[in-house]
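# What the coordinates show
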Amino acid sequence: MRAIPLAPVHPEFMLEPILDAGSGRDAIGLGQRRGEGLDVRHGTVLTLEDINVSFDGFKALNSLNLYIGVGELRCIIGPNGAGKTTLMDVITGKTRPTSGKAWFGDTLDLTRMSEVQIAQAGIGRKFQKPTVFEALSVFENLELAQKADKSVLASLVAHLSGEQRDRIEEILQTIRLSGSAQRQAGLLSHGQKQFLEIGMLLMQDPQLLLLDEPVAGMTDAETEFTAELFKRLAGKHSLMVVEHDMGFVGSIADHVTVLHQGSVLAEGSLEQVQADDRVIEVYLGR
Ligand SMILES: Nc1ncnc2c1ncn2[C@@H]1O[C@H](COP(=O)(O)OP(=O)(O)OP(=O)(O)O)[C@@H](O)[C@H]1O
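If you're wondering where the values come from, they're calculated on a predicted model, not measured in any experiment.

## As for the overall build of the protein
Across its full length, the protein carries ten helices and ten strands. For the protein, with 286 residues in total, the buried portion stands at 56%. Counting contacts in the protein only where the partners sit at least 6 residues apart, residues at least 24 apart contribute 71% of the total. Summing over all exposed atoms, the protein offers an accessible surface of approximately 13,000 Å²; the carbon and sulfur share of this is 50%.

This is how it looks when you write it as structure tokens:
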């Protein structure tokens, strides 16, 4: 078991929860300041120990332990109801664990931070369904993600610095939407909307990205590009990807965690967990 650091929580995150002025968007982490100076001296970006979550006596997470390394690309798989969404809810502060420890880096106690504070500290979450501003252009969506501390209108009329513009151009290239910068986001394909939303999260340069079934509904080519993109992002960011598509998992992850009934059932390479009889029994089938 890993020793839990005793350093105090940064005072900035002990403030009363901040109310999110709210853009109506679902993705968490947009418009927040990037997490700067996260202490990851021990090489672990996320530490969950003995996490329990109960809903009216039902244990959605049961003594769960999970460690994600800095720059790691981790896939989380498991049958329906295994607790994958609840796990992401705990990390992002949407659900409070009944008990257990949750640390971001070495010093930030996630159980004492609000959703907004967690996003500000550098955890970005992408939900399954893309939620971009459909009426705005691709460029404007990225612009808003960069400056969403202002109102939509103020953000759009504010003058972009050369540096900000360069950053948007860089993200456009990363998500392969440079040629569609002026296109209305509502006219993009489902996959392109997903890429745009990932780009909006990247504008904040999060340390840890949580991605829920990112390739659901994508074409084969879009899925392939997503794999390429995630592999490129890993290293600079840590990624936790919840996915049912085993072909996709096989193409990106060198480390897979299998959840079952709220606990970690198996962990290892995809080959290792695929060969595990318990995993075959509860998830993969014979
Ligand atoms: N708010 C809630 N109240 C009561 N039970 C809940 C609540 N949220 C989740 N659960 C239950 O907790 C268990 C874990 O749910 P969770 O959504 O985390 O699973 P999952 O692995 O994400 O499943 P899926 O692959 O279907 O999305 C399920 O049995 C679910 O019904």
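## Here's the deal with the pairing of strand β9 (residues 255–260)
Strand direction decides the pairing type here: strand β3 (residues 73–77) and β9, joined by four bridges, are parallel. Each bridged residue has a counterpart across the sheet, and for Ile-76 the counterpart in β9 is Thr-257. Pairing geometry for β9 and strand β10 (residues 263–268), over five bridges, is antiparallel. Within β10, the residue paired with Thr-257 across the bridge is Glu-267. As consecutive antiparallel partners, β9 and β10 are separated by two residues, and within that stretch Gln-261 has a phi angle of approximately 50°, a positive value.

## Focus on the sheet that holds strand β2 (residues 58–69)
With respect to topology, four strands assemble into an open sheet ordered β2-β1-β4-β5, the strand pairing being antiparallel. Lying at the two open borders of the sheet, with one neighbouring strand each, are β2 and β5 (108–109). Here eight bridges tie strand β1 (residues 44–55) to β2, and the two strands are oriented antiparallel to one another. Residue pairing across strands places Leu-46 opposite Ile-68, the latter belonging to β2. The strands touched by helix α1 (residues 84–91) are β1 and β2; relative to β1, the strand with the most contacts, the crossing angle is about 115°.

## Brief notes about the site of the ligand
Taken together, Phe-55, Phe-58, Ala-60, Pro-79, Asn-80, Gly-81, Ala-82, Gly-83, Lys-84, Thr-85, Thr-86 and His-244 make up all the residues around the ligand. Here an oxygen atom of the ligand and a side-chain polar atom of Asn-80 are 3.2 Å apart. Note that an oxygen atom of the ligand is positioned 3.1 Å from one of the backbone N or O atoms of Ala-82. Here the ligand, which alone exposes 650 Å², has 58% of that area covered by the protein. Counting only elements with at least two residues in the shell around the ligand, the list comes to β2 and α1. For the shell around the ligand, the element with the most residues is α1, which contributes three residues. Of the residues that constitute the shell around the ligand, the class distribution is five nonpolar, six polar and one charged.

## Looking at helix α5 (residues 162–174)
What sets the pattern is the α-helix's 3.6 residues per turn: residues three or four places apart point alike. With 13 residues, α5 extends 18 Å between its outermost C-alpha atoms, agreeing within 8% with the 18 Å of an ideal straight helix rising 1.5 Å per residue. Every buried residue belonging to α5 is among Arg-167, Ile-168, Ile-171, Leu-172 and Thr-174, and all of these are buried. For α5, the angular spread of the buried residues around the axis is 160°, confining them to a single face. Exposed and oriented more than 90 degrees from the buried face of α5 are Asp-166 and Gln-173. Elements that come into contact with the buried residues of α5 comprise α3 (138–146), α6 (190–202) and α7 (220–233).

## Topic: the environment of Gln-164
By secondary structure assignment, the location of Gln-164 is in helix α5. A residue is classified by how much of its surface remains accessible, and Gln-164, at 24% relative accessible area, is partly exposed. Linking Gln-164 and Gln-146, residues 18 residues apart in sequence, is a C-alpha distance of 8.1 Å.

## Quick look at the sheet that holds strand β7 (residues 208–212)
Strands sit in the order β6-β7-β8-β3-β9-β10 across an open sheet of six strands; the sheet is mixed. Of all strands in the sheet, those bounded by a partner on one side alone are β6 (123–126) and β10. On average, each strand axis in the sheet is inclined to that of its neighbour by 20°, with strand direction left out of account. Two strands pair when backbone bridges link them, and β6 and β7 are joined in this way by four bridges, in the parallel orientation. Across the sheet, Ile-123 pairs through a bridge with Leu-208, a residue of β7.

About the criteria used
Residues numbered from 1 in each chain as written. Predicted model: local features only at pLDDT ≥ 70, side-chain atom pairs only at ≥ 80, totals over all residues. Heavy atoms only, no water. Helix = DSSP H or I, 4+ residues; strand = E, 2+ residues; numbered from the N terminus. Buried < 20%, exposed > 50% of the residue type's maximum accessible area, 1.4 Å probe, protein only. Contact = heavy atoms within 4.5 Å. Areas by Shrake-Rupley, 256 points an atom, 1.4 Å probe, with all protein chains shown as cover. Pairing = 2+ DSSP bridges. Axes fitted to C-alpha atoms, helices over the stretch in contact; angles between N-to-C directions. Near = heavy atom within 4 Å. Polar contact = N/O pair within 3.5 Å; in protein donor to acceptor, adjacent residues only side chain to side chain. Nonpolar A, V, L, I, M, F, W, Y, C, P; charged D, E, K, R; others polar. Expected span 1.5 Å × (residues − 1). Arc of directions from axis to C-beta.

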